[in-house]
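# Tertiary structure, described
So you can see what is in the structure, the chains are spelled out below.
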Amino acid sequence: MPEARAAMSGSYSLYLDVLRLLAALVVLVSHAAWQALPAGVRWWPDSLGHNAVVVFFVLSGYVIAYVADHKEHDLRSFWVSRLARVYSVAVPALLLTLLFDRIGMALDPAFYAAGNLAAYDHFGVRLLASLAMVNELWLVSIMPFSNSPYWSLCYEMAYYLLFSLWVFGGRHRVLLTAVAALLIGPKILLLLPVWLLGVALYHWRAGYRLPEVAGWVLWAGSIVGIVVFQVADVGAQLSAWSRGWLGDWLHHRLHFSKHFVGDYLLALLIGAHFLGTRCVAHRFAALLGAAAGAIRAAAGLTFSIYLYHLPVVFVAAIVLEGVPPGGGRFAALVALVLAIVLPLGMLTESRKDGLRRWLHAHLPGATRPQLKEAPRA
């Protein structure tokens, strides 16, 4: 059907890849700026990195709805793909974190202590919780050493679980989803509407029939809205407002979900941008098509850039301590981090398909080839 083709057309898919890559780079830049630029030079609010994660959540919901509709039609195939995608990067990310934290603490232990940048008490609990993706259940927030961006991966896995149980759970889906939601707890569920917005955008058929002029209005208007939201730091203002009626204790315990009111508003702006782009993506076809190979290759490293960068940023900041804060140090730090992270990403991303094949062969429910009977004499 036309809607299915438009849902992930070539130009639209490339545009989403560009957004995904930019969001990962924004998170990296926001962390690098903390270590390299004087506070007065940073013109953007501190919420920049968190807001980029909202882009990931909306995009993730959209993509997961698409693959469940077109590629992964049962619970097993869905989870083979998800586990291969996540653990091909998550396990190396944890190993990288342990390695670079050890290097950084050997070089300058005071650097980590001064900013509470890494947590190593209860080492086994932190490691096991990170491997099981249960760091953020209920009101708990278990930091995986220095790799704080890992939090969003735990949210994502919870959303995959809820989605898969609802879509593939059959007649017991309501009960199964409710039990899973009870185990996950309120903190992760607070940002579930952001993720589900992406699912809704994919399934909203009327959205595929918008006139092009409406698409341009949504495309341009959403960009203006997102810029105003960021520059005015609307999310922080709404978070302060919600803190007034939630109370200090609960607001703090929500950790990465405490900005949920602003995240809802930002998600609507991002959703409007996705919707508008889907209507006008064909206008970018020539431009995006000319760089399609480079876009696909760079976007394929997005997950690695996001999940590997922060422990490397800290060590790079120590190495560059002698360089005065400013644009030169910032550029050198970003370049050094990318020089380390990108080759690692290429290496680990290349293992994803092999892990998928292994999971497909070894997870319960694998189909076994039937042995042919020997011909009778």
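Placed above this text is the structure.
Residues numbered from 1 in each chain as written. Predicted model: local features only at pLDDT ≥ 70, side-chain atom pairs only at ≥ 80, totals over all residues. Heavy atoms only, no water.

### Remarks on the overall build of the protein chain
For clarity, the threshold we go by: Each helix is a run of DSSP H or I of at least 4 residues and each strand a run of E of at least 2, with the numbering of both proceeding from the N terminus. Every radius of gyration here is taken over C-alpha atoms, with the globule rule written as 2.2 Å times N^0.38, N being the number of residues. Residue burial is assigned from relative accessible area. The probe radius is 1.4 Å, only protein chains are included, and a residue is buried under 20% of its type maximum, exposed over 50%, and partly exposed in between. Whether two residues touch is decided by their heavy atoms; if any such pair falls within 4.5 Å, the residues are in contact. Using a 1.4 Å probe, the Shrake-Rupley method yields the accessible areas, and only the shown protein chains count as cover for residues. Charged-residue counts in this description rest on Lys and Arg as positive and Asp and Glu as negative, His and the chain ends being excluded. By convention, charge coordinates are those of NZ in Lys, CZ in Arg, CG in Asp, or CD in Glu.
Scanning the protein chain from N- to C-terminus turns up 19 helices and zero strands. For 377 residues, the compact-globule estimate of 2.2 N^0.38 gives 21 Å, and the C-alpha radius of gyration of the protein chain, at 22 Å, lies within 12% of that figure. Overall size of the protein chain, expressed as C-alpha extent along the three principal axes, is 80 × 60 × 50 Å. Within the protein chain, the proportion of its 377 residues that are buried is 49%. By sequence separation, contacts in the protein chain at least 24 residues apart represent 80% of the contacts at least 6 residues apart. Looking at the protein chain as shown, the accessible area adds up to about 18,100 Å², and 70% of this sits on carbon and sulfur atoms. Taken together, the 28 basic and 19 acidic charged side chains of the protein chain have centroids lying 8 Å from each other.

### A look at the nonpolar core
Going by this rule: Throughout this description, the term nonpolar core refers to a set of buried Ala, Val, Leu, Ile, Met, Phe, Trp, Tyr and Cys residues connected via side-chain atoms within 4.5 Å.
Within the largest apolar cluster, 107 residues are counted, with the highest numbers of intra-cluster contacts made by Phe274, Leu307 and Leu333. In terms of residue count, helix H3 (residues 48–70) provides more of this core than any other element does, 14 residues in total. For Phe274, the contacting residues outside a window of four places in its chain are Tyr12, Leu16, Leu19, Val58, Leu59 and Leu201.

### Quick notes on the packing of aromatic side chains
Filter applied, for reference: Any pair of Phe, Tyr and Trp rings, taking the six-membered ring for Trp, is counted once the centres come within 6.5 Å. Such a pair is stacked with planes under 30 degrees apart, edge-to-face with planes over 60 apart, and tilted for the rest.
Tallying each qualifying case throughout the model produces 29 aromatic pairs. Relative to Tyr112, the ring of Phe111 has its centre 5.5 Å away and its plane inclined at 80 degrees; by these criteria the two rings are edge-to-face. With respect to class, Phe111 is no different from Tyr112; both count as buried. Taken together through their ring pairs, the aromatic side chains of Phe57, Phe78, Trp79, Trp151, Tyr155, Tyr159, Tyr160, Phe163, Phe168, Trp195 and Phe256 make up a single cluster.

### A few points about H3
Which entries qualify depends on this criterion: Here the expected length of a helix is defined as 1.5 Å per residue gap, with one fewer gap than residues.
Across its 23 residues, H3 extends 34 Å between first and last C-alpha, which sits within 8% of the 33 Å expected from 1.5 Å per residue. The buried count for H3 comes to 20 of 23 residues, which makes it a mostly enclosed element.

### Let's talk about the pattern of salt bridges
So the rule is basically this: A pair is scored as a salt bridge if a Lys or Arg side-chain nitrogen falls within 4 Å of a carboxyl oxygen belonging to Asp or Glu.
In the structure shown here, the tally under the stated rule is eleven salt bridges. Linking Arg126 and Asp121 is a salt bridge whose minimum nitrogen-to-oxygen distance equals 2.6 Å. Put simply, Arg356 and Asp353 hold a salt bridge, and the shortest N to O gap is 2.8 Å. In this pair, Arg356 and Asp353 both sit in helix H19 (residues 352–362), three residues apart, roughly one turn of the helix. Residue class for Arg356 comes out partly exposed when judged on its relative accessible area of 27%. Salt bridges sharing partners connect three or more residues here, namely Asp17, Arg20 and Arg296.

### Quick look at the environment of Phe57
Tracing the backbone through its elements, the reader meets Phe57 in helix H3. Distance from Phe57 to Gln230, taken between C-alpha atoms, is 17 Å for residues 173 residues apart in sequence. When neighbours within four sequence positions are excluded, Phe57 is seen to be in contact with Trp151, Ser152, Tyr155, Glu156, Leu191, Val194 and Trp195.

### Considering the packing of helix H12 (residues 234–246) against helix H14 (residues 260–280)
Threshold: In this analysis an axis means a line fitted to C-alpha atoms, helices contributing only their contacting stretch, and an angle means the value between N-to-C directions, from 0 to 180 degrees. An angle below 35 degrees is read as roughly parallel, one above 145 as roughly antiparallel, one from 65 to 115 as roughly perpendicular, and any other as oblique. When residues are sorted by character, Ala, Val, Leu, Ile, Met, Phe, Trp, Tyr, Cys and Pro go into the nonpolar class, Asp, Glu, Lys and Arg into the charged class, and all the rest, Gly among them, into the polar class.
Packing of H12 against H14 leaves a shortest axis separation of 7 Å and a crossing angle of 140 degrees. With respect to their mutual orientation, H12 and H14 come out oblique. The residues of H14 that touch H12, namely those facing Val234, Gly235, Leu238, Trp241, Ser242, Trp245 and Leu246, are Phe260, Val261, Gly262 and Leu265. A class-by-class count of the residues in the contact of H12 with H14 yields eight nonpolar, three polar and no charged.

### Describing the packing of helix H17 (residues 302–319) against helix H18 (residues 327–349)
What counts here: Helix crossings are classified by the rotation of the near helix relative to the far one: an anticlockwise turn of less than a right angle makes the crossing left-handed, while a clockwise turn makes it right-handed.
Close contact between H17 and H18 brings their axes to 8 Å; oriented N to C, the two are set at 135 degrees. Overall, the two elements H17 and H18 adopt an arrangement that is oblique. Helix-helix and strand crossings are classified by hand; for H17 and H18 the assignment is right-handed. Only Arg329, Leu333, Leu336, Val337, Ile340, Val341, Leu342, Leu344, Gly345, Thr348 and Glu349 of H18 make contact with H17, whose side of the interface consists of Phe303, Ser304, Ile305, Tyr308, His309, Val312, Val313, Ala316 and Ala317. Residues belonging to the contact of H17 with H18 are distributed by class as follows: 14 nonpolar, four polar and two charged.

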